[in-house]
Amino acid sequence: MLPSGNTRPMTEECLSSDFQDAGNMKLTHPLLVNTEEGLPKMVSSHSSRLKYLSLGVLVLQTTSLVLTMRYSRTLKEDGPRYLASSAVVSAEVLKIFACTCLVFMENNFSLRAMNLLLKEEIVKKPVETMKLAVPAGIYTLQNNLLYVALSNLDAATYQVTYQLKILTTALFSVSMLGKKLGLNQWLSLLLLMAGVALVQWPADSGEDVEQKIVTAGSQFVGLIAVLMACVSSGFAGVYFERILKETKQSVWVRNIQLGVFSFVFGFIGMMAYDGHSVMKSGMFQGYSAITCTVILLQALGGLVIAVVIKYADNILKGFATSLSIIFSTLISYFLLRDFNPTGLFFFGAVLVIAATFLYSYQGKPASSSISSTKV
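Rules of the game
- Residues numbered from 1 in each chain as written.
- Predicted model: local features only at pLDDT ≥ 70, side-chain atom pairs only at ≥ 80, totals over all residues.
- Heavy atoms only, no water.
- Helix = DSSP H or I, 4+ residues; strand = E, 2+ residues; numbered from the N terminus.
- Buried < 20%, exposed > 50% of the residue type's maximum accessible area, 1.4 Å probe, protein only.
- Areas by Shrake-Rupley, 256 points an atom, 1.4 Å probe, with all protein chains shown as cover.
- Axes fitted to C-alpha atoms, helices over the stretch in contact; angles between N-to-C directions.
- Parallel < 35°, antiparallel > 145°, perpendicular 65-115°, else oblique.
- Left-handed = near helix turned anticlockwise from the far one by under 90°.
- Contact = heavy atoms within 4.5 Å.
- Nonpolar A, V, L, I, M, F, W, Y, C, P; charged D, E, K, R; others polar.
- Salt bridge = Lys/Arg side-chain N within 4 Å of Asp/Glu carboxyl O.
- Expected span 1.5 Å × (residues − 1).

Caption draft 1: Summary view of the overall build of the protein chain. A count of helical and extended segments in the protein chain gives 14 helices and 0 strands. The order of α-helices and β-strands along the protein chain, N terminus first, is α-α-α-α-α-α-α-α-α-α-α-α-α-α. Here the protein chain, with 375 residues, has 47% of them falling under the buried criterion. As presented, the protein chain carries roughly 18,400 Å² of accessible surface, and 67% of it is formed by carbon and sulfur atoms.

Have a look at this one:
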């Protein structure tokens, strides 16, 4: 699950061939008139509407998560600010609950059938279950890093820089899964690196020397956090994809397993780094409506993407990412007022958007796409 910031940003962001195959299924009905391509007109029109609805949902989810998370980390409050580690744990609890409901639905709303399935797939297969401890731990680290990043970077810079996860996922896919990338994909990765470098290029400002040092230090912390999140996202996503290919287990069951491990790791991390604050003021200190919104978006965002992505092709996914970057830039500048765009930023952002489209473009149906099903 971008962010999604994502989210086992999610999250965004990338889904397994299971969802893509489902989206490629063609519906036919003998009473409907076929078009020249052999698809029913009614189904074709309905499918087109679903594609653009998916595009809207993707843009809304990605943009709102990043902006609300940034706003929640910079909002001046009278009391203590909410703990990022606590928000990560809360999101995992919601995610487990949501996936459990989906498994319940898959089993025809039979509590007995769901319990038998979970017992068979989780309890009776401890070795398979333990394999998910690795990506769960990495995803937990990644989620905490995203809070650090958005505490130190504006939403626009974060959005553009976080697209480096495409590069890390591609490299891990080549090395771990043996995937082959086309010439256009390698070229897109070069454009991506160039674009992110321009976005991060220091710009002159009217600030005094001391303020410049503070700002540069804060941006450096945010940049390191984003880079670490990109690497962890790439490795965990490919590792999880490899596990999914070895079994035919439901993706929702897998996410319940991941969620349980992530909850355990997140809770341990929360007590290790914020234990004193938790013992003093409670786990939910500083929670507000905006905090709950961030947690809800982070928990359910990937699930929403998983449902709608099957109706959107790779070009639309790239278009959604590009729109999200543009909206984040505009809102950061006009509403949050924490971003001053430069010529280098705009040029770098254009390169990143172009790289996203180029990487998503598949000239041949057999070409591989990078995917990650953790939501």
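And the narrative resumes.
Caption draft 2: Quick look at the packing of helix α3 (residues 84-106) against helix α4 (residues 111-123). Put simply, α3 and α4 touch, their axes get as near as 8 Å, and they point 115° apart. The angle between α3 and α4 places the two elements in the roughly perpendicular class. Where α3 crosses over α4, the two elements pack in a sense that is right-handed. Seen from α3, the contacting residues are Thr-100, Val-103 and Phe-104; seen from α4, they are Leu-111, Met-114, Leu-117 and Leu-118. Taken together, the residues of the contact of α3 with α4 sort by class into 6 nonpolar, 1 polar and no charged.

Caption draft 3: The pattern of salt bridges, seen in detail. Under the criterion given, the structure shown has 7 salt bridges. Where Lys-95 meets Glu-92, a salt bridge forms, and the shortest distance between an N and an O atom there is 3.8 Å. Remark: Glu-92 and Lys-95 occur in helix α3; sequence separation between them is 3 residues, near one turn of the helix. On the accessibility criterion, Lys-95 (2% relative accessible area) is buried. In this structure, Arg-254 engages Glu-128 in a salt bridge whose closest nitrogen and oxygen atoms are separated by 3.9 Å. Within this pair, whereas Arg-254 is found in helix α11 (residues 251-281), its partner Glu-128 is found in helix α5 (residues 126-130), the two being separated by 126 residues in sequence. Overall, Arg-254 belongs to the buried group, its relative accessible area being 1%. Classification of Glu-128 as partly exposed rests on a relative accessible area of 24%. Residues joined in a network through salt bridges with shared partners are Glu-128, Lys-131 and Arg-254.

Caption draft 4: Looking closely at the side chain of Gln-257. The topology assignment puts Gln-257 in helix α11. Those residues within four positions of Gln-257 in sequence are excluded, and the remaining contacts are Glu-121, Ile-122, Thr-129, Leu-132 and Gln-249.

Caption draft 5: Just α3, in detail. In this model, α3 (23 residues) spans 33 Å end to end at C-alpha, consistent with the 33 Å of a helix rising 1.5 Å per residue. Downstream of α3 by one or two residues, Asn-108 has phi in the positive range, about 55°.

Caption draft 6: Fine view of the environment of Val-57. You can see Val-57 is positioned in helix α2 (residues 41-74). Val-57 sits in the partly exposed class, given a relative accessible area of 23%. Residues Val-57 and Gly-301 lie 244 residues apart in sequence; the distance between their C-alpha atoms is 9.5 Å.

Caption draft 7: Representation of the packing of α3 against α11 in the model. At their nearest, the axes of α3 and α11 sit 8 Å apart, and the two run at 165° to each other. It follows that α3 is roughly antiparallel to α11 by the angle criterion. Pair α3 / α11 crosses with left-handed handedness. In this structure, α3 contributes Ser-85, Ser-86, Val-89, Glu-92, Val-93, Ile-96, Cys-99, Thr-100, Leu-102, Val-103 and Glu-106 to the contact, and α11 contributes Trp-252, Val-253, Asn-255, Ile-256, Gly-259, Val-260, Ser-262, Phe-263, Gly-266, Phe-267, Met-270 and Asp-274. Looking at the contact of α3 with α11, its residues break down into 13 nonpolar, 7 polar and 3 charged.

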